[in-house]
Structures are given as structure tokens and as C-alpha cells.
Amino acid sequence: MSSAPIIFSGVGKTYPMYHHFTGGIKNFLFNLPEALRSLRSSRFEALRDVSFEVAKGETLGIVGGNGAGKSTLLGLAAGVLRPTTGAVKVSGRISPLLELGAGFHRDLTGLENIMLNGVLLGLTRAEVKERLAAIVEFSELGAFIDQPLRVYSNGMVARLGFSVAAHLDPDVMLIDEVLAVGDEEFQKKCLEKMREFKRKGVTMLFVSHSMPSVKLICDRVIWIADRRVHMSGAPAEVVRAYAGEGAGL
Amino acid sequence: MRYFIDLTTVLTQKELKVRYKNSFFGYLWSIAHPLAFAAVFFVAFKVIMRVQMEDYVLFLIAGLFPWQWFSNSAGISPHIFLGNASIIKKVNFERSAGVLAAVLNETIHFAVSIPVIVFFVYYYGRGAHASWLYGIPLLMLVQFMLTCGLALAVASVNLFFRDLERIAVITVSMLFYFTPVIYSLDMVPPQYRALVNLNPLAPLMASWRSLFMYGTLDAGLVALSAVYAAAALAGGYLVYRKLVWKFAEVL
């Protein structure tokens, strides 16, 4: 058995078409036999037979077009989704780097949001308190830290979110398109922090549409297309092939 | 376990802070609603319809405050998971803490409104009862369990059947009139009295009122409430457990 922190073996994921349900009870009941039949048969397949491992300290980039299954893959790694077939094994503390503002509340101050977000992401209150000073300093928000989040700019919210995530001491970090927000300087700071994670031996899954960032930060890249691993290899190679395909379309 | 307590605490604090942050009168709002209803029912039933009942205002208040606790919790429960979609889709935290925090928040509001009930007890020339010392915590625990169970089920199922939210609103307002809050159990015609206690809220609300007004608890009613509460909690938790891993799929 491999001891890699992230192991996907033969993972498939299909979703039932929930619109029969969310279309309402009335619709569902009035077309009951039909609804039940379609519920069983009409499933949407997001991933099929995906297998890969990420070694400790390795950064794996994931590229692919919209709807290729990248977010499903991260959801499976985070443990919020269950695979339909195959198995997903992720060991250690997992920290997802959240999209802008997720898990924050607009009416709470920066400090209160740090506590809220830190605990949601898996720290105890005592652990957040220990890290509080470092998080505040890293965020560079100054006096704004005592202001409610609704007066923050998008860039400031992103900075706060990244600051919390950066201080979780995760074993596995899941990063989904976060570098798309924030100014250039903030992006540079994020990349710097991610390099620091790499030095510390944190294992990372990095989903991005930004090919320069992928080349810069990843040790290996897999390209997801048509629900499967289409290509896997060195960042430069995969990015070249992927970009070539994109240009050809 | 330590972490689950922290998670629940932080989420409860969030709810409390958010509720009071932008509200000038804060606490007063949580008692204004049941008091306003007490006034309306007093005018409708005592002044206009001349219901023969002594201390009808106190009678109403002793039932409306606990009812408010229940109906507020029921009202927010469809939104508990729905409103946290972005974080549920990304982070695998224990989702039931959100339900616990929401119900705890309403419980705190009820707890701080108890002095208002006590004020009316004294205003109508009655005194405090020693039985309150165990009776109030006991009934609070029973109602907390009942509410948590229902909220867990409603919050979970509403993600799959979004219509449930509308159904819940109608059910709660209908349930109110089938619960002895504005009338007493004795006023129900004998042939229907057994039916009233099929409503899980009925024995509980009757117990609250007799506790506040007379300092007495009917062991049978309390036991029946406790059975309903235990069943609701077990059922709600089962529903939640069965559905929780699909939350991220439907949100």
C-alpha cells in the first residue's frame, strides 16, 4: 500500500439529476413513476476511472476546460463528496483555500471573521488565538481588522481569507482558482507563501486556469478532459499540450 | 469533541453578534413579537369575544414565549444549510453544528425573555415557585431536543425538496391553532382532547403554562413531551445522517 497523502484509485463520480427534486414536490408527485425512473437512469457523469497519487510535499497542478471535472475532483479530495466508484484517500489535516469570502460574514469584523473561518477550517479556538497576531500581521489590513467586512474591498477580503488559510499548518492544501482575485502584489505574496508551504513539505493540489502560475508552482500537472486523466507529466509539457489544444479549438 | 464544542460556540456567537450588530433595540425585539401577539389575542378573545378566563394576559404570555422559541427555530431551519452553501461545498466540517448553533441562539433568546414572563407573573399577583428551579431547565431541555430534531430534518430535507420551506411555514402557523396556547386543554371538547395530544407541541406548551402560572407540572404531559422530543431528535438525526454526504452535490 502506498503512503502518499493523496491517493485516487479508479475514482468515478456520477451525480443524479437532482432537478426532478428541486423542481418541487408537486412535479415530483404528479409524475411519480416517471420521476423515479428518470432519477435512477439519468445521471450525470463528472469523472470516470481517475487514478493518481500525490507524494508528500509534491504540488500537483490540475488543468482542464470548464466542466471537465476539476471542481468535483477537489470536492472529492476535500471529503465533501463521495466517489461513486473507486476510492479516495487523503491523510492529514486538509485545508481548502476558499473562494472569495466563503465562510465569512459581512457584518462581522476582520478579527471575528478570522475566528469564525479558522474554526470552520478545522482549528480549535485556542489554536486560532495562538495564530491571531500572525494572521493579522500577514493580512496587512491594519486598522481595518476591527471594521466589519462589508467596508472591505474584494482584494482585502481575499487577503484576509488567504491569511487565515496560510496559518492553518495543513498537511494537504487544496487551492481552487484563488489567484484570480487580488492585485498583482497580492498574487505575488500568495505564490511566495505557496513556495514556503512547499519547503515545509505541504502537499498541494492546485487547480488553475493561469498557465504561468501552474508552470511556476507545480511539480507535476494532470490534464483532465472528458472526465478522465487525459495527460500527466512535467508542467512545461502538459501546459504546452493543453495550451496547444486550446489554440487549436 | 473539543473541536465540535468550539465549532458550535463560534457559530452561535456569530449568530448572536450578527443579530445585535445592526439593531438599535437589540434585546427588545426578541420580546416585542410575543408581547404584540399577546396584546392582539387579548383584544380579540377577551375584549371582543369575551372568553371567560382569569388573568388571560398572563395565560397568553406563559404560552406565547415558549411558542415563539419553537416557531422562530422552525422558521430559520430551512435556511441553515442552504444559507451556508459556499462553505458546505468546500469544507468538510461537521454540518450539524450549524443546526445546533441556530437552535442554541433561539434558546438563548428564550432564556433571556424568561424575566419578562416572571414580571407578568408578579404583576398578576402571583409569586415565584420553587418548582421553577427544576421545571424550567427540564422543559427547556425537552423543547431543545424536540426543536433540534425537527430542525435537523427540515434543514437537511429542504436541500432536496425546496418546497419544504413553504410547507413548514404553513404547518407552523396551523399548528399554532391546534396547540393549547390561546386556549386551555379543558376548553377542548372531550371527544377531541386525545387528538390534541397527537400534536407534539401540545403537551409541552400546556406544561410551560401550568409551570409558570401555578408552579405545577403534570408528570404525564411532561413524559409525553419527552417521548416526542426523543423521537424527534432520533428521527431528525437519522434523516440528517442519511442525507449529509449528498449536501455538497445538491447545493
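Residues numbered from 1 in each chain as written. Chains lettered and ligands numbered in written order. Predicted model: local features only at pLDDT ≥ 70, side-chain atom pairs only at ≥ 80, totals over all residues.

Before going further, it helps to examine the overall build of chain A. Across its full length, chain A carries ten helices and nine strands. Sorting the 249 residues of chain A into buried and exposed places 41% on the buried side. Counted over contacts in chain A with a minimum sequence separation of 6, partners at least 24 positions apart contribute 74%. (Helix = DSSP H or I, 4+ residues; strand = E, 2+ residues; numbered from the N terminus. Buried ≥ 20, exposed ≤ 12 C-beta atoms within 10 Å, placed from the backbone. Contact = placed C-beta atoms within 7 Å.)

Okay, the interface of chain B and chain A next. The interface of chain B with chain A comprises 25 residues on the first partner and 28 residues on the second. Class assignment of the residues belonging to the side of chain B that touches chain A gives a composition of twelve nonpolar, three polar and ten charged. (Nonpolar A, V, L, I, M, F, W, Y, C, P; charged D, E, K, R; others polar.)

The next point concerns the packing of helix α2 (residues 27-48) of chain B against helix α6 (residues 96-123) of chain B. Residue and element names in this part refer to chain B. Running from N to C, α2 and α6 point in directions that differ by 70°, and their axes come no closer than 10 Å. Relative to α6, the element α2 lies roughly perpendicular. Contact residues: Y27, S30 and I31 in α2; H109, V112, S113 and V116 in α6. (Axes fitted to C-alpha atoms, helices over the stretch in contact; angles between N-to-C directions. Parallel < 35°, antiparallel > 145°, perpendicular 65-115°, else oblique.)

The next thing to look at is the confidence of the model for chain B. Low pLDDT marks stretches whose predicted atomic positions should not be read closely. Considering every residue of chain B, the mean pLDDT works out to 93; 100% of them sit at 70 or more. Across the whole predicted complex the pTM is 0.89, and at the interface the ipTM reaches 0.85. (pLDDT = per-residue confidence, 0-100.)

The next subject is the pairing of strand β9 (residues 228-233) of chain A. Residue and element names in this part refer to chain A. Where strand β8 (residues 220-225) meets β9, five bridges bridge the pair, whose relative direction is antiparallel. When the sheet's bridge partners are listed, V221 is paired in β9 with G233. Taking the residues that link successive antiparallel strands as the turn, the β8-β9 hairpin has two residues, and the phi of D226 there is positive, at about 50°. (Pairing = 2+ DSSP bridges.)

This part is about the sheet that holds strand β4 (residues 85-90) of chain A. All names here are of chain A. Spatially, the three strands line up as an open sheet ordered β2-β1-β4, and their pairing is antiparallel. With partners counted over all chains shown, the strands left at the sheet margins are β2 (43-54) and β4, one partner each. Between one strand axis and the next, the sheet turns by 30° as a mean value, whatever way the strands run. With five bridges connecting them, strand β1 (residues 6-16) and β4 associate as antiparallel partners.

Residues separated by three or four positions in an α-helix point in the same direction, a consequence of the helix having 3.6 residues per turn. All names here are of chain A. Its maximal kink placed at R131, helix α6 (residues 125-139) deviates by approximately 50°. V128, R131, I135 and S139 are the residues of α6 that are buried. Against α5 (110-120) and α7 (154-166) lie the buried residues of α6. Among the residues trailing α6, E140 stands out with phi positive, at a value near 55°. (Bend = angle between axes of the 7 residues up to and from the residue.)

What follows covers the packing of α5 of chain A against helix α1 (residues 2-21) of chain B. Between α5 of chain A and α1 of chain B, the least distance of the axes is 9 Å, while the angle of their chain directions is 145°. Of the two elements, α5 of chain A crosses α1 of chain B, and the hand of that crossing is left-handed. Here E112, M115, L116 and V119 of chain A of α5 of chain A lie close against α1 of chain B, whose contacting residues are D6, L7, V10, K14 and K17 of chain B. (Left-handed = near helix turned anticlockwise from the far one by under 90°.)

Counting residues in each nonpolar core, the largest one holds 134 residues, and the members touching the most others are A77, L174, L205 and F206 of chain A together with A151 of chain B. Looking at which element gives the most residues to this core, the answer is helix α7 (residues 132-157) of chain B, with twelve residues. When near neighbours in sequence (up to four residues on either side) are disregarded, A151 of chain B contacts S73, S77, I80, V99, A102 and V103 of chain B. (Core = buried A, V, L, I, M, F, W, Y, C linked by C-beta atoms within 7 Å.)

Okay, unusual backbone geometry next. All names here are of chain A. A positive phi angle, close to 50°, is found at D49, a residue other than glycine. Inspection of the secondary structure assignment puts D49 in strand β2. Although it is not a glycine, D226 adopts a positive phi angle of roughly 50°. Within the element layout of this structure, D226 appears in the loop between β8 and β9. Classification of D226 as exposed rests on a count of 10 C-beta atoms within 10 Å.

All right, on to helix α10 (residues 201-214) of chain B then. Residues and elements named next belong to chain B. Helix length check: α10 (14 residues) gives 20 Å between terminal C-alpha atoms against 20 Å at 1.5 Å per residue, within 8%. A large share of α10 lies buried, amounting to twelve of its 14 residues. All of the buried residues in α10 are L201, A202, P203, L204, M205, A206, S207, W208, R209, L211, F212 and M213. In the core, the buried residues of α10 are packed alongside α3 (56-76), α6, α7, α8 (164-177), α9 (190-196) and α11 (219-243). Trailing α10 by a residue or two, G215 shows a phi angle of about 70°, which is positive. (Expected span 1.5 Å × (residues − 1).)

The next thing to look at is the sheet that holds strand β7 (residues 203-207) of chain A. Residues and elements named next belong to chain A. Taken in spatial order, the six strands of this open sheet run β5-β6-β7-β3-β8-β9, and their pairing is mixed. Looking at which strands have only one partner, the edges of the open sheet turn out to be β5 (94-97) and β9. For this sheet the average axis-to-axis angle between neighbouring strands, irrespective of direction, equals 20°.

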